[in-house]
Amino acid sequence: MTGEAKVRTVLGDIEPAALGVTNSHDHLFFASKLLPGQELDDPAEAAHALLEFKTRGGAALVQWTPYGLTRRTRELAWMSEEVGVHVVAATGLHRAEHYNPAILGRVVDGLVKEFVADLTEGTQPADLPDEPRTGPRAGLVKVAGAFHTIDSHARLTMTAAAVAHQETGAPIAVHLELGTAALETVDLLCGKLDVSPGKVILGHLNRNPDPRLQRAVAETGVFLGFDGSSRANHATDWRLFDGLEALVEAGHGGQILLGGDTTTAAARWQPGASYLLTTLAPRLTELLGGDVVTAMLVANPARAFATSWRS
């Protein structure tokens, strides 16, 4: 790649240092057929959530909602400008189960073209494929693995993401289903498809709190996403701190990213995107120290989401 690394936000490319305190994985908008009645599709509530995040000290939010799941990129742009928080949008494709077959069928045979256009030209609503690409450009490609495996759909989308990365430089963010198939994902993306580990972000590692596995994944050099850490009485909470402490002690603190991963209407305010800053960060600071947590919220995202864009 050539040129200076930039983070591609919905308002344009910015210097990585300008990103600031970052929620590295969340959703202001998200709607899946697997979550009927729990759609995040209200611009007023999304703007309120973004403003609340700002009042708690947040400066940037990365939305991992990919193509076809109500990502509302135009609304993201005006909210970013009005509220004063950097927002990064995604292209890509989730697991097939999340989609209406008609929407999935519309793009599945042309994924690379769709991803690259979203990243370099602009986005458009999935239900209006003939509309001009007047939405802001995406700043990453989000794809997903299957439970404990890379199934045919995941292989298809990850391969397309790797080609789009090679054409544009875009980072690749991966939803790991319940935190599984992490090493298989790295083997495919970084081993077989030649994506640099520093351009891969694995999400939901906290959902599979196996310390040996987490250490092995960290040793590959990819970024490590710990997100959705608010499901009380689940392993995502009560093992999160030990897992992060072990990774930091092993020298992997510079790879860790923190996010909220709000995906339902019920979770919009309880706990909401701001939980990351109001509750999780202070507790982690007591455990790991302020400099380490600041790196997870500021320096690490600045490196993870920045790239020398080819177009």
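Refer to the preceding data block for the structure.
Quantities reported herein were computed from a predicted structural model and do not represent experimental measurements.

Definitions and limits used
- Residues numbered from 1 in each chain as written.
- Predicted model: local features only at pLDDT ≥ 70, side-chain atom pairs only at ≥ 80, totals over all residues.
- Heavy atoms only, no water.
- Pairing = 2+ DSSP bridges.
- Helix = DSSP H or I, 4+ residues; strand = E, 2+ residues; numbered from the N terminus.
- Phe/Tyr/Trp six-rings, centres within 6.5 Å; stacked < 30°, edge-to-face > 60°.
- Lys NZ or Arg CZ within 6 Å of the ring centre and 35° of its normal.
- Core = buried A, V, L, I, M, F, W, Y, C linked by side-chain atoms within 4.5 Å.
- Buried < 20%, exposed > 50% of the residue type's maximum accessible area, 1.4 Å probe, protein only.
- Contact = heavy atoms within 4.5 Å.
- Lys, Arg positive; Asp, Glu negative; His and termini not counted.
- Salt bridge = Lys/Arg side-chain N within 4 Å of Asp/Glu carboxyl O.
- Polar contact = N/O pair within 3.5 Å; in protein donor to acceptor, adjacent residues only side chain to side chain.
- Axes fitted to C-alpha atoms, helices over the stretch in contact; angles between N-to-C directions.
- Parallel < 35°, antiparallel > 145°, perpendicular 65-115°, else oblique.
- Nonpolar A, V, L, I, M, F, W, Y, C, P; charged D, E, K, R; others polar.
- Arc of directions from axis to C-beta.

Q: Hey, could you run me through the sheet that holds strand β12 (residues 306-307) in this one?
A: Consider a sheet: its strands pair through backbone hydrogen bonds, and that pairing is either parallel or antiparallel. Here we have three strands laid out as an open sheet, ordered β2-β1-β12, and antiparallel in their pairing. Each edge of the open sheet is held by one strand with a lone partner, namely β2 (12-14) and β12. Alignment of strand β1 (residues 6-9) against β12, held across two bridges, turns out to be antiparallel. Bridge assignment links Lys6 to a residue of β12, and that residue is Thr307.

Q: Sorry, what's going on with the packing of aromatic side chains here?
A: Each aromatic ring pair is characterised by the separation of its centres together with the angle its planes make. Summed over the entire model, instances satisfying the criterion amount to zero aromatic pairs. Above the face of the Trp309 ring, Arg8 is positioned so that its terminal group lies 4.1 Å from the ring centre.

Q: Where do I start with the nonpolar core in this structure?
A: In globular proteins that are soluble, nonpolar side chains generally tend to be buried together. Counting 77 residues, the largest nonpolar core has Leu202, Leu224, Phe226 and Leu258 as the members making the most contacts within it. Looking at this core element by element, the count peaks at seven residues for helix α10 (residues 275-288). Discounting chain neighbours no more than four positions away, the residues touching Leu224 are Leu202, Leu205, Val217, Ala218, Leu247, Gln255, Ile256 and Leu257. Judged by nonpolar contacts, the second largest core, of 16 residues, contains Ile14, Leu140, Leu257 and Ala306.

Q: Looking at this structure, I do not really get the side chain of Asp227. What am I missing?
A: Position of Asp227 among the secondary structure elements: in strand β10 (residues 223-227). The buried charged residue Asp227 lacks any salt bridge, with Arg207 as its nearest oppositely charged partner at 5.0 Å. Looking at Asp227, its side chain comes within polar contact range of the side chain of His25, at 3.1 Å. Polar contacts involving the side chain of Asp227 include one to the side chain of His204, which spans 2.5 Å. Apart from the residues within four sequence positions on either side, Asp227 is in contact with His25, Gly203, His204, Asn206, Gly259, Gly260 and Asp261.

Q: What is the right way to read the packing of α10 against helix α11 (residues 290-304) from this model?
A: When two helices pack together, their arrangement is given by the angle between the helix axes and the distance between those axes. Relative orientation of the contacting elements α10 and α11 amounts to 140 degrees, with a least axis distance of 7 Å. If you check the angle between α10 and α11, you find them oblique. Contacts from Leu276, Leu277, Ala281, Leu284, Thr285 and Leu288 in α10 reach Gly290, Val292, Val293, Met296 and Leu297 in α11. Classifying every residue of the contact of α10 with α11 gives nine nonpolar, two polar and no charged.

Q: Explain the environment of Gly253 here, please?
A: Here Gly253 is to be found in the loop between α9 (240-249) and β11 (256-259). With a relative accessible area of 13%, Gly253 lands in the buried category. Distance from Gly253 to Glu97, taken between C-alpha atoms, is 34 Å for residues 156 residues apart in sequence. Setting aside residues no more than four positions away along its own chain, Gly253 makes contact with Leu247, Val248, Met296 and Asn300.

Q: Explain α9 here, please?
A: Structurally, the α-helix is built with 3.6 residues per turn, so residues lying three or four positions apart point the same way. Looking at α9, one finds that the buried residues are Leu240, Phe241, Gly243, Leu244 and Leu247. Down the axis, α9 shows its buried residues gathered within 165 degrees of arc, on one side only. Pointing more than 90 degrees away from the buried face of α9 are the exposed residues Asp242 and Glu249. Positive phi appears at Gly251, one or two residues downstream of α9, with a value of about 90 degrees.

Q: Please explain the sheet that holds strand β5 (residues 86-88) as it appears in this structure.
A: The strand order across the open sheet built from three strands is β3-β4-β5, with neighbouring strands paired in parallel fashion. The outermost strands of the open sheet, each flanked by one partner alone, are β3 (22-26) and β5. Ignoring which end each strand starts from, the neighbouring axes of this sheet average 15 degrees apart. Note that strand β4 (residues 60-63) and β5 share three bridges and pair parallel. What sits directly across from Ala60, in β5, is His86.

Q: Would you take a moment to explain the pattern of salt bridges for this structure?
A: Between side chains of opposite charge, a pair can form as their charged atoms come close. A complete count under the given rule lists 16 salt bridges for this structure. Across the salt bridge formed by Arg72 and Glu75, the nearest N and O atoms sit 2.6 Å from each other. Residue class for Arg72 comes out partly exposed when judged on its relative accessible area of 28%. We classify Glu75 as buried; its relative accessible area is 18%. In this structure, Asp187 and Lys192 form a salt bridge, with 2.5 Å as the shortest nitrogen-oxygen distance. When its relative accessible area of 39% is taken as the criterion, Asp187 is described as partly exposed. According to the relative accessible area criterion, Lys192 is exposed, its value standing at 56%. Through salt bridges with shared partners, one network takes in Arg71, Glu114, Asp118 and Arg133.

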